[in-house]
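# Analysis of the macromolecular model
Residues per chain, in single letters:
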Amino acid sequence: MFWYGHDPSGWGWFTMSVGMILFWAVLIVFAVLLFRSLARPADSGASTGHAGSGPAPEQLLAERFARGEIDEEEYRSRLAVLRSGDGGSSGKV
């Protein structure tokens, strides 16, 4: 009944080796993803737009100015709009 005895042939060893490597790879990936999801702080999710869920608009504006994305004139005009409470509803884009 067993033509090759009780031991697997060359392809049997190869298939078993690849299967074991895939098994451990899937197991390790699952463990790492589980660990990362459990170790993630609760407040690191996407912002929902609620007040206090992220940096203040003035802080974001200051960071953009510090990185050089906007010049001083644009920084001051946008800061004035933020502080006036108008929210930029003047229609200017």
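Preceding this paragraph is the structure being described.
Thresholds, definitions, all that
Residues numbered from 1 in each chain as written. Predicted model: local features only at pLDDT ≥ 70, side-chain atom pairs only at ≥ 80, totals over all residues. Heavy atoms only, no water. Helix = DSSP H or I, 4+ residues; strand = E, 2+ residues; numbered from the N terminus. Buried < 20%, exposed > 50% of the residue type's maximum accessible area, 1.4 Å probe, protein only. Areas by Shrake-Rupley, 256 points an atom, 1.4 Å probe, with all protein chains shown as cover. Phe/Tyr/Trp six-rings, centres within 6.5 Å; stacked < 30°, edge-to-face > 60°. Salt bridge = Lys/Arg side-chain N within 4 Å of Asp/Glu carboxyl O.

## Details of the overall build of the protein chain
- Of regular secondary structure, the protein chain possesses three helices and zero strands.
- Secondary structure elements of the protein chain occur, N-terminal to C-terminal, as α-α-α.
- Across the 93 residues in the protein chain, those meeting the buried criterion constitute 4%.
- Approximately 8500 Å² of the protein chain is accessible, and the part contributed by carbon and sulfur atoms is 65%.

## Regarding the packing of aromatic side chains
- Under the defined criterion, the tally for this structure stands at two aromatic pairs.
- When the centroid spacing of 5.3 Å and the interplanar angle of 75° are considered together, the rings of Phe23 and Trp24 count as edge-to-face.
- Relative accessible area serves as the criterion here: at 45%, Trp24 is assigned to the partly exposed category.
- Ring centres 4.7 Å apart and planes at 20° place the aromatic pair Phe65 and Tyr75 in the stacked group. Of this pair, Phe65 sits in helix 2 (residues 57-67) while Tyr75 sits in helix 3 (residues 72-84), and the two are 10 residues apart along the sequence.
- The class of Tyr75 is buried, set by a relative accessible area of 17%.

## Considering the pattern of salt bridges
- Overall, the coordinates contain five salt bridges when judged by the stated rule.
- Salt-bridge contacts for Glu72 lead to Arg76; the nearest nitrogen and oxygen are separated by 2.9 Å. You can see Glu72 and its partner Arg76 sitting in helix 3, four residues apart, about one turn around the helix.
- Relative accessible area serves as the criterion here: at 42%, Glu72 is assigned to the partly exposed category.
- Accessibility expressed as a relative area gives 55% for Arg76, which makes it exposed.

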